[in-house]
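# Structure at a glance
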Amino acid sequence: AQKVTQAQTEISVVEKEDVTLDCVYETRDTTYYLFWYKQPPSGELVFLIRRNSFDEQNEISGRYSWNFQKSTSSFNFTITASQVVDSAVYFCALSEDYKLSFGAGTTVTVRA
Amino acid sequence: SQTIHQWPATLVQPVGSPLSLECTVEGTSNPNLYWYRQAAGRGLQLLFYSVGIGQISSEVPQNLSASRPQDRQFILSSKKLLLSDSGFYLCAWSGTGGNVGETQYFGPGTRLLVL
C-alpha cells in the first residue's frame, strides 16, 4: 500500500514571503510518479507538476519550484514571493498503476 | 485541446432520492475516467475508475455506482442517497493505453448536499 503525508494542515503567510509545502510518500515500487495539484476556492483541481521516480532534478516554473529527494522520499513544493492568488489547498499525490493516492492537502493563505 | 465537463454544478437532494451525475470529455479518445469524492475539509477519495466502455472498477464499497455508456461519458449514480453521500464530486480523465503514472485532469466538480 502506498501513502502520501502532508504534515502541514494550514500555512498562513504575508504576501511576498516564500512558503514551502512538505510531502513525504511511501511506496514499494521502483517506478512511480509524483504530482502536485492546486485547488483554489472554486474547487477545480489544477495540475501543477508530474515527476517520475528516475528524475531527481529539481524543477522551477516561474515562482514555483519543486525539490525531489528520493533518499528521504520527499517531494517538496516552494512558492517564492507568494501572492494572494496563491491562496488555495495544495495536494501532493502518488501514482501507482492507474490510480492516484492523495495527501490530505495543505491550505495556504496569503494575506495582503 | 481536451476539456472535461461536469453537471450539474450544484445539487441539493433529499435523503432517499436517486442521483445521477454526468461527466463528459472532449478532444480525446479512449481516456481513462475517474470519479473522486471530497468530503468537506478532507482529501480526495477515489470511488471508481474506467479504462474503457462498460469497464468499471470500484475502489470503495458504498451506496454509489458508475457507468460508462460511451467512450467519453462517465456517470455516477445512486438509487437512494444517504446523508453521508454529501460532498464534492470530481471527475477526471487521463491518457489512454493504461500507462502507469498518466497525469489526471479534473473537471469543475459537482457539489452535492443531501438533506
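Heads up: the structure comes first, above all this text.
Now for a quick tour of the structure.

Calculation criteria
- Residues numbered from 1 in each chain as written.
- Chains lettered and ligands numbered in written order.
- Predicted model: local features only at pLDDT ≥ 70, side-chain atom pairs only at ≥ 80, totals over all residues.
- Heavy atoms only, no water.
- Pairing = 2+ DSSP bridges.
- Helix = DSSP H or I, 4+ residues; strand = E, 2+ residues; numbered from the N terminus.
- Axes fitted to C-alpha atoms, helices over the stretch in contact; angles between N-to-C directions.
- Contact = heavy atoms within 4.5 Å.
- Buried area = accessible area lost by both parts, 1.4 Å probe.
- Salt bridge = Lys/Arg side-chain N within 4 Å of Asp/Glu carboxyl O.
- Polar contact = N/O pair within 3.5 Å; in protein donor to acceptor, adjacent residues only side chain to side chain.
- Disulfide = S-S within 2.5 Å.
- Buried < 20%, exposed > 50% of the residue type's maximum accessible area, 1.4 Å probe, protein only.

### Here's the deal with the sheet that holds strand β3 (residues 19-26) of chain B
All names here are of chain B. In spatial order, the strands read β1-β3-β8-β7; together these four strands make up an open sheet with antiparallel pairing. Edge strands, defined here as strands with exactly one partner in the open sheet, are β1 (3-7) and β7 (65-70). Strand-to-strand, the axes of this sheet are offset by a mean angle of 20°, without reference to chain direction. Bridge count for β1 against β3 is five bridges, and the pairing is antiparallel. Directly across from W7, in β3, lies its bridge partner E22.

### Section: the interface of chain B and chain A
Counting residues at the interface gives 25 residues for chain B and 20 residues for chain A. Overall, the association of chain B and chain A removes approximately 1800 Å² of surface from exposure, summing both partners, and the carbon and sulfur fraction of that is 57%. Our count for the chain B to chain A interface comes out at one salt bridge. Here K99(A) ties to E59(B) by a salt bridge, and the two come within 3.5 Å at their closest N and O atoms. Our count for the contact surface shared by chain B and chain A stands at four residue pairs in polar contact (both at pLDDT 80 or more). The set of elements that each furnish at least two residues to the side of chain B that touches chain A consists of β4 (32-38), β5 (44-52), β9 (87-94) and β10 (105-106) of chain B.

### Here we look at the pairing of β3(B)
As judged from the six bridges shared by β3(B) and strand β8 (residues 73-78) of chain B, these two strands associate in the antiparallel manner. What sits directly across from T24(B), in β8(B), is Q73(B).

### Some thoughts on the state of the cysteines
The bond known as a disulfide is covalent and runs between the sulfur atoms of two cysteines. Residues and elements named next belong to chain A. Tallied over the full model, the rule gives two disulfides over all chains. Each disulfide pairs two cysteine sulfurs, and for C23 the partner residue is C92, the sulfurs being separated by 1.9 Å. The disulfide joining C23 to C92 has a torsion of about -65° about its S-S bond and is therefore left-handed. Of this pair, C23 sits in the loop between β3 (19-21) and β4 (24-26) while C92 sits in strand β10 (residues 88-96), and the two are 69 residues apart along the sequence. Here C23 matches C92 in class, with each residue buried.

### Quick word on the pattern of salt bridges
All names here are of chain A. With the rule as written, the count across this model stands at six salt bridges over all chains. Its salt-bridge partner being R51, residue D55 comes within 2.9 Å of it at the nearest N-O pair. Judged by relative accessible area, D55 falls into the partly exposed class, the value being 24%. Note that R63 is salt-bridged to D86, the shortest N-O span being 2.7 Å. Linking R63 in the loop between β7 (59-61) and β8 (64-69) with D86 in the loop between β9 (74-79) and β10, this pair joins segments that are 23 residues apart in sequence.

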